[in-house]
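Next come the chains, spelled out residue by residue.
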Number of protein chains: 2
Amino acid sequence: MSETTHRGRPRGLSDRVRQEVHAAVRRLLVDEGYAAMRLEDVAAAAGVHKSTLYRQWATKAQLVRDVLVTGELEHYPRPDEGSLAADVEALVSGLTRLFRDPTTVAFVRTRATADDPELRGSLHELARQDTAFMRLPFERAIARGELPPDTDVGMLVELLFSPLLARLAVTGLPVDDEFSRRLASTFLVLAAPPAATWAPPGAADGDALSRSGRGPRPRARR
Amino acid sequence: MSETTHRGRPRGLSDRVRQEVHAAVRRLLVDEGYAAMRLEDVAAAAGVHKSTLYRQWATKAQLVRDVLVTGELEHYPRPDEGSLAADVEALVSGLTRLFRDPTTVAFVRTRATADDPELRGSLHELARQDTAFMRLPFERAIARGELPPDTDVGMLVELLFSPLLARLAVTGLPVDDEFSRRLASTFLVLAAPPAATWAPPGAADGDALSRSGRGPRPRARR
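Residues numbered from 1 in each chain as written. Chains lettered and ligands numbered in written order. Predicted model: local features only at pLDDT ≥ 70, side-chain atom pairs only at ≥ 80, totals over all residues. Heavy atoms only, no water.

**Some thoughts on the nonpolar core**
Cut-off, in case you're wondering: In this text, buried Ala, Val, Leu, Ile, Met, Phe, Trp, Tyr and Cys residues form a nonpolar core when linked through side-chain atoms within 4.5 Å. Each residue is assigned to one of three classes by its accessible area relative to the maximum for its type, calculated with a 1.4 Å probe on protein chains only: buried under 20%, partly exposed between the two thresholds, exposed over 50%. In what follows, residue pairs with any heavy atoms lying within 4.5 Å of each other are defined as contacts.
Residues A:L95, A:F99, A:F138, B:L95, B:F99 and B:F138 are the most contacted members of the largest nonpolar core, which totals 72 residues. Setting aside residues no more than four positions away along its own chain, A:F138 makes contact with A:L84, A:V88, A:L91, A:L147, A:V153, A:L156, A:V157, A:L160 and A:F187.

Following this line, the structure appears as structure tokens:
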């Protein structure tokens, strides 16, 4: 894949014009949605000629794909707190903030509702690429011995952010602080049940786990 | 909420007619999608007069909501295999089958794309109701001591099925056997990392966990 022609800045447009076009697309996706947005409106909102747009992006799908690919990178949470627990809490709270932003909501809805085959196809590829930043906390946790080395990091990442996508795009349930807190703590309980706070029926010594060979698992929750 | 007027069978339609109307809606949602579907088409496909439909459902949104609420109950997987691990595997594999069915795909897409406020509103309520069957395996696991008593069952359920919704409605990634296998095994690794198969760096005895007070956790995976 040729990064310079298909992602980031197309040749021939100045940074300023490109940024204005992208900003116009983001506003129009928020205000009108993908289906209703016309390239004429984008050109007018960005103060450029429509032919300028068409020289860079042959279709609305290509333009919107470029905006979605480059649009949110700067807002991705990138915690590095020294432990899996702290990283997951920071990641979830950063993602919750990101997913409450009207632009992100519009991006997710665009991906959910676009029936343009070209856009859908390129967004499938985007789905594989745009979660790389979420892998890092889990890869560091593996390096620290907090997770098994054969952990399926890709599926862990998908488990963590899918509830955000599903709430925004399908169920309509709120993405709020309570959700963020429950998502982080349930994910962490799953990642390692706090043995000190519960013992299964019949267990003689529920605290034994804390003395086992489980290794360091810093916790700062509840 | 009045169950008999808002869910299940509206008064005044025979079971046979109601089933034919529901079947017609399911077919049209698969073939055309919610936006394009007209009540006239439903009436024609079901072989009833349009006025018959309007007497029972004032709007397309009400009719589609009724179909979505009652449509899939019979296909929900309801495993009871005696252990959390076996139940999660059966649940995920049953859900994967369900989510590959064209009708389910159409239902999820309808929920994702419907911009009708009336339909969206009632689907939010549906989202709270229609996951009750998924709670049972986790509630039994708590009763058996496989999960802590204060487990957030609602969030566990949401974590388990959100990747299915997100793949179908947003990312477009495939819902196939490989996905099903990875989802179940990652969820189970999260629920209790298999200590016998890995030891964190510096742990003298990685097998200590299996002798700890962790209680019975039947495993039959990998």
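So, next bit.
**Things to note about the packing of aromatic side chains**
To keep things clear, this is the line we draw: When the centres of two rings from Phe, Tyr and Trp lie within 6.5 Å, Trp using its six-membered ring, the rings pair. Their planes under 30 degrees apart give stacked, over 60 give edge-to-face, and anything left gives tilted. The criterion is that NZ of a Lys, or CZ of an Arg, lies within 6 Å of the ring centre and within 35 degrees of the ring normal, and then a charge sits over that ring.
In this structure the tally under the stated criterion is four aromatic pairs over all chains. A cation sits over an aromatic face here: A:K60 above A:Y34, 4.4 Å from the ring centre.

**Let's talk about the packing of helix α9 (residues 132-143) of chain B against helix α10 (residues 153-171) of chain B**
All names here are of chain B. Quick note on the threshold: Axis definition: a line fitted to C-alpha atoms, over the contacting stretch in the case of helices. Angles run 0 to 180 degrees between N-to-C directions. To qualify as a helix, a DSSP run of H or I must reach at least 4 residues; to qualify as a strand, a run of E must reach at least 2; elements of each kind are numbered from the N terminus. Should an angle fall under 35 degrees it is taken as roughly parallel, and over 145 as roughly antiparallel, whereas 65 to 115 is taken as roughly perpendicular and any remaining angle as oblique. By definition, any crossing whose near helix is turned counterclockwise from its far helix by less than a right angle is left-handed, and any crossing with a clockwise turn is right-handed.
At a closest axis distance of 9 Å, the pairing of α9 and α10 adopts a crossing angle of 130 degrees. Taken as axis vectors, α9 and α10 run oblique relative to one another. Our pair here, α9 against α10, has a crossing hand that is right-handed. Where α9 abuts α10, its residues M134, R135, F138, E139 and I142 lie against V153, G154, L156, V157, L160 and F161.

**Here we look at the confidence of the model for chain A**
All names here are of chain A. Worth spelling out the cut-off: Note on scores: pLDDT gives the predictor's confidence for each residue, bounded by 0 and 100.
Of the residues in chain A, 77% have a pLDDT of 70 or more, and the chain-wide mean is 80. Confidence drops under pLDDT 50 across residues 1-5; counting only partners more than four residues distant or on other chains, this segment forms nine contacts. In the model, residues 204-222 has pLDDT below 50 throughout and makes 48 contacts with residues more than four positions away in sequence or in other chains.

**A word on the pattern of salt bridges**
All names here are of chain B. Heads up, the rule is: Definition used for salt bridges: Asp or Glu carboxyl oxygen within 4 Å of a side-chain nitrogen of Lys or Arg.
Throughout the structure, instances matching the rule amount to 23 salt bridges over all chains. R140 is paired through a salt bridge with D87; the nearest N and O atoms lie 2.7 Å apart. Placement of R140 in helix α9 and of D87 in helix α6 (residues 84-100) is noted, with a sequence separation of 53 residues between them. Taking relative accessible area as the criterion, R140 reaches 23% and is therefore assigned partly exposed.

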